[in-house]
Amino acid sequence: MPEYDYDLFTIGAGSGGVRASRIAASHGAKVAVAEEHRVGGTCVIRGCVPKKLLVYGSHFAHDLQDAANYGWTIEGARFDWATMRDHVLGDVDRLESAYTNTLESNGVERFLERATITGPHTVRLASGREISAKYILVAVGAWPVMPAFEGSEHCITSNEVFHLPEFPRRVMIQGAGYIAMEFAGIFNALGAQVTVVNRSDVILRGYDESLRDRLLQATLAKGIEYRFNSPIEKVVKQADGSFEVTTKDHEPVPVDAVMIATGRQPKTDGLGLESAGIELGAKGEIPVDDYSKTACDSIYAVGDVTNRVQLTPIAIREGQAFADTVFGGKPATVDYKAIPSAVFSQPAIASVGLTEVQARQECSDVRIYSSDFRPMKNIYSDHVERGLYKMIVDNETGRILGLHMIGPEAPEILQAAAVAVKAGLTKDDFDATVALHPSMAEELVLMR
Ligand code: NDP
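The paragraphs below set out a description of the structure included in this document. (Residues numbered from 1 in each chain as written. Predicted model: local features only at pLDDT ≥ 70, side-chain atom pairs only at ≥ 80, totals over all residues. Heavy atoms only, no water.)

### Describing the nonpolar core
Here comes step 1: Of all hydrophobic cores here, the largest spans 62 residues; its most connected members are Ile173, Phe183, Phe187, Leu403 and Leu444.
Here comes step 2: Considering each element in turn, this core owes the most residues, seven residues, to helix H9 (residues 410-422).
Here comes step 3: With sequence-adjacent residues up to four places away left out, isoleucine 173 is seen in contact with Ala180, Phe183, Ala184, Phe187, Val194, Thr195, Val196, Val197 and Met259.
Here comes step 4: Counting 24 residues, the second-largest nonpolar core is a separate cluster that includes Val123, Ile136, Cys296 and Val305. (Core = buried A, V, L, I, M, F, W, Y, C linked by side-chain atoms within 4.5 Å. Buried < 20%, exposed > 50% of the residue type's maximum accessible area, 1.4 Å probe, protein only. Helix = DSSP H or I, 4+ residues; strand = E, 2+ residues; numbered from the N terminus. Contact = heavy atoms within 4.5 Å.)

Have a look at this one:
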């Protein structure tokens, strides 16, 4: 009789949990995974993937306007929310099946119910079944934070936004981070009146200031309104189903939907971690070491629940490193330096490495190169929307410390450039590369 039911029991079938389970199984482990919502997790079910599809869908609003300037006659063009929503949700179903098949084809057993930890080697399923495992991996992700105010029960988060029964004509979004700026762009492009409210006067804290300024100007020009230092105080539902929202120091505004995007916190409530002697960190996260091991030797945690870097590709790398370390005999850690990231706002932002402010704190001689240009793609656009690329260089060595871009296709372009930054290339290396003309990306090798 084996000592345990499984070699690995994973709680949470999101990006990190699925990768870890699949790789552990491929190393010969007997693996099971429990998932209380849907296989695929936040990124696939209610995050990156459906969001990106909405971004693509909303871009047609501008593209159709531009098309007229290129001689196309677009008669009777109109937008139908239900059609786009249902296509996007259909793709989510397809991906959920694909993730399920991946688990199945790797011999990973699935329990579609909640699991909680009852000890260093044991979990209990919602149905009451007790299961033992040599190792437990916690990959339960994070959940939207809902600040406390009167009427918060009327608000939606990124969990519900993909299922809206009707397209809201007037939207208020609280928060000015990734999710707020992405959905502000989507709703605005699709014709909604959008008001972004935040507790501070900053958008996209952590991104380079020049890009944030550029995005603020571009979105103001597109009609997005901002209320800074003005969090929501009260949401009152009206007889017609709309809402009246009062924010700090402002008159109430009527809206059709209120979306809260004020960060995501580790989903550790009621998980039973204390039964294994694991204490949570200040933000509810599970503290782990470089190998994703918790305070309990048999329990590991990866992804958003550890609150290291809340990005899908990081959860995947952590899951892979865990499985290789524990089941593959190849100890592996994740390198968190120079992680590229993007905000799919309109225009989009993409970034890798240090911002100008961070570089000046770390390096005594910083030189900034930039290119402020009108993308050819926008030449016939009604909005004069300029792109901005910014390179932060250590002037002594010439090494690139950071690269920051705002403009069409910035995330697509930055992914390739991030290889060069990660590899430690210099400004001279970029200068030595011949421009690919005409393209937006050529600005990368033409910065002054
Ligand atoms: P962010 O951390 O990006 O932004 C949170 C925003 O809410 C900030 O503007 C912050 O204000 C404000 N805020 C925070 N707490 C409160 C509060 N208690 N009351 C009022 N306002 C508050 O969180 P998001 O929810 O936008 O996204 C969550 C995470 O999901 C991101 O950190 C990111 O890692 C991930 N994500 C990544 C995406 C991508 O890679 N493209 C897309 C979407 C999400 P202030 O900064 O002024 O303090």
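Now that the structure has been shown, we can carry on.
### What about the site of the ligand?
Here comes step 1: Lining the immediate environment of the ligand, one finds 21 residues, of which Ala176, Ile179, Ser200, Gln310 and Ala342 sit closest.
Here comes step 2: Take threonine 262: an N or O atom from its main chain is 3.4 Å from a nitrogen atom of the ligand.
Here comes step 3: A distance of 2.8 Å is found between an oxygen atom of the ligand and a backbone nitrogen or oxygen belonging to glycine 263.
Here comes step 4: When the ligand is considered free in solution it has 910 Å² of accessible area, and contact with the protein chains removes 78% of it.
Here comes step 5: No other element matches the three residues that helix H5 (residues 178-189) contributes to the shell around the ligand.
Here comes step 6: Across the shell around the ligand, the residue classes break down as eight nonpolar, eight polar and five charged. (Near = heavy atom within 4 Å. Polar contact = N/O pair within 3.5 Å; in protein donor to acceptor, adjacent residues only side chain to side chain. Areas by Shrake-Rupley, 256 points an atom, 1.4 Å probe, with all protein chains shown as cover. Nonpolar A, V, L, I, M, F, W, Y, C, P; charged D, E, K, R; others polar.)

### Considerations on the sheet that holds strand E20 (residues 387-394)
Here comes step 1: Taken together, five strands build an open sheet; the order of strands is E17-E18-E21-E20-E19 and the sheet is antiparallel. With partners counted over all chains shown, the strands left at the sheet margins are strand E17 (341-343) and strand E19 (366-373), one partner each. Here the average twist between neighbouring strands, direction ignored, is 10°.
Here comes step 2: Sheet topology note: the E20/strand E21 (residues 400-406) ladder contains six bridges and is antiparallel. Considered in E21, the bridge of methionine 391 is made with leucine 403. (Pairing = 2+ DSSP bridges. Axes fitted to C-alpha atoms, helices over the stretch in contact; angles between N-to-C directions.)

### A word on unusual backbone geometry
If a residue is not glycine, its phi is most likely negative; likewise, a peptide bond is most likely trans.
Here comes step 1: Note the cis peptide between glutamine 346 and proline 347, where omega equals 5°.
Here comes step 2: Counting through the fold element by element, proline 347 comes out in the loop between E17 and strand E18 (349-353).
Here comes step 3: In this chain, histidine 437 is followed by proline 438 through a cis amide linkage whose omega measures -10°.
Here comes step 4: Even without being a glycine, serine 292 presents a positive backbone phi close to 70°.
Here comes step 5: Structurally, serine 292 is set in the loop between strand E15 (264-266) and strand E16 (299-301).
Here comes step 6: Residues other than glycine seldom take positive phi values, yet glutamate 409 does so here, at roughly 60°.
Here comes step 7: Along the chain, the position of glutamate 409 falls in the loop between E21 and H9.

### What about the pattern of salt bridges?
Here comes step 1: Here the structure, examined in full by the defined rule, presents 22 salt bridges.
Here comes step 2: The salt bridge involving arginine 170 is made with aspartate 256; its shortest N-O contact spans 2.7 Å. Note that arginine 170 is positioned in strand E8 (residues 170-174) and aspartate 256 in the loop between strand E13 (253-255) and strand E14 (257-260), a separation of 86 residues in sequence.
Here comes step 3: The exposure class assigned to arginine 170 is partly exposed, which follows from its relative accessible area of 29%.
Here comes step 4: A salt bridge links glutamate 318 to arginine 308; its shortest N-O distance comes to 3.2 Å. Placement of glutamate 318 in helix H7 (residues 312-326) and of arginine 308 in the loop between E16 and H7 is noted, with a sequence separation of ten residues between them. (Salt bridge = Lys/Arg side-chain N within 4 Å of Asp/Glu carboxyl O.)

### What to know about the sheet that holds strand E9 (residues 193-197)
Here comes step 1: Ordered by their spatial adjacency, four strands build an open sheet running E10-E9-E8-E14, and the pairing between neighbours is parallel. Bordering the open sheet on either side are strand E10 (225-227) and E14, each of which pairs with just one other strand. The sheet shows a mean angle of 20° between the axes of neighbouring strands, direction not considered.
Here comes step 2: Together, E8, E9, E10 and E14 form the strand contacts of H5, whose direction differs from that of E8 by roughly 170°.

### Some words on the side chain of serine 58
Here comes step 1: Relative to the helices and strands, serine 58 is located in helix H3 (residues 48-69).
Here comes step 2: With relative accessibility at 0%, the residue serine 58 sits in the buried group.
Here comes step 3: In terms of polar contacts, serine 58 uses its side chain to reach the backbone carbonyl oxygen of valine 55, at 2.9 Å.
Here comes step 4: Setting aside residues no more than four positions away along its own chain, serine 58 makes contact with Ile186, Ala189, Leu190 and Gln346.

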